[in-house]
Amino acid sequence: MAIRHSSDPRDSVDPRALGDPRNHYPSDEQFYASDRPADPVLPEDRPRGGGPVTPLRHRGPWATAAFVVGIVLLVLVGIALFP
């Protein structure tokens, strides 16, 4: 006996209830069109382009090294105070 798989929701409905209006299943287009506006194109909320942008200025390697050393010292002091 072969098992038939189908994506049609009417296949899972009792055949005696096919005339029941509660068993009406809209197509995908009907389902997704029900809550969309007539003109679904939205204005762009973040326009591209614009005026001149100042380049980002990165911290130097010494500032990064000082930050890492500060974190290491903080951990070491924490270990020394709470052995």
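Overview of the structure. Being a predicted model, the structure only gives us computed values, none of them experimental.

With that settled, consider the overall build of the protein chain. If you tally the helices and strands in the protein chain, you get 2 helices and 0 strands. A buried classification covers 2% of the 83 residues belonging to the protein chain. Accessible surface, the protein chain as shown: approximately 8800 Å² in total, 63% of it carbon and sulfur.

This brings us to a nonpolar patch on the surface. Residues F67, V68, V69, I71, V72, L73, V75, L76 and I79 make up a contiguous nonpolar surface patch of about 830 Å² in total accessible area. What makes F67 exposed here is its relative accessible area of 52%.

A complete count under the given rule lists 1 salt bridge for this structure. The partner of D20 in a salt bridge is R22, and the shortest N-O contact between them spans 2.6 Å.

With that out of the way, let us pick up the packing of aromatic side chains. Enumeration over the complete set of coordinates arrives at 1 aromatic pair. Pairing F31 with Y32 gives two aromatic rings, centres 5.1 Å apart and planes at 80°, and the pair type is edge-to-face. Residue Y32 is classed as partly exposed on the basis of its relative accessible area, which comes to 46%.

Thresholds, definitions, all that
- Within any chain, residue numbers begin from 1 and follow the written order of that chain's sequence.
- Selection of residues for local features in this predicted model requires a pLDDT of at least 70, selection of side-chain atom pairs for listing and counting requires 80 or more, and totals for whole chains, interfaces and linings are taken over all residues.
- Computation of side-chain values: all heavy atoms of the structure, hydrogens and water removed.
- Only DSSP runs of H or I reaching four residues or more are called helices, and only runs of E reaching two or more are called strands; each is numbered from the N terminus.
- Exposed residues in this analysis have more than 50% of their type's maximum accessible area, buried residues have under 20%, and partly exposed residues fall in between, with area computed by a 1.4 Å probe over protein chains only.
- Computed by Shrake-Rupley with a 1.4 Å probe, the accessible areas treat only the displayed protein chains as cover when residues are assessed.
- Only residues whose relative accessible area exceeds 30% and that form no salt bridge enter a patch; like-charged residues are grouped when within 9 Å of one another, and nonpolar side chains (Val, Leu, Ile, Met, Phe, Trp, Tyr) when within 5 Å.
- The term salt bridge refers to a pairing of a side-chain nitrogen on Lys or Arg with a carboxyl oxygen on Asp or Glu at a separation within 4 Å.
- Put simply, two rings from Phe, Tyr or Trp (the six-membered ring, in Trp's case) pair if the centres are within 6.5 Å, and we call them stacked under 30 degrees between planes, edge-to-face over 60, tilted for the rest.

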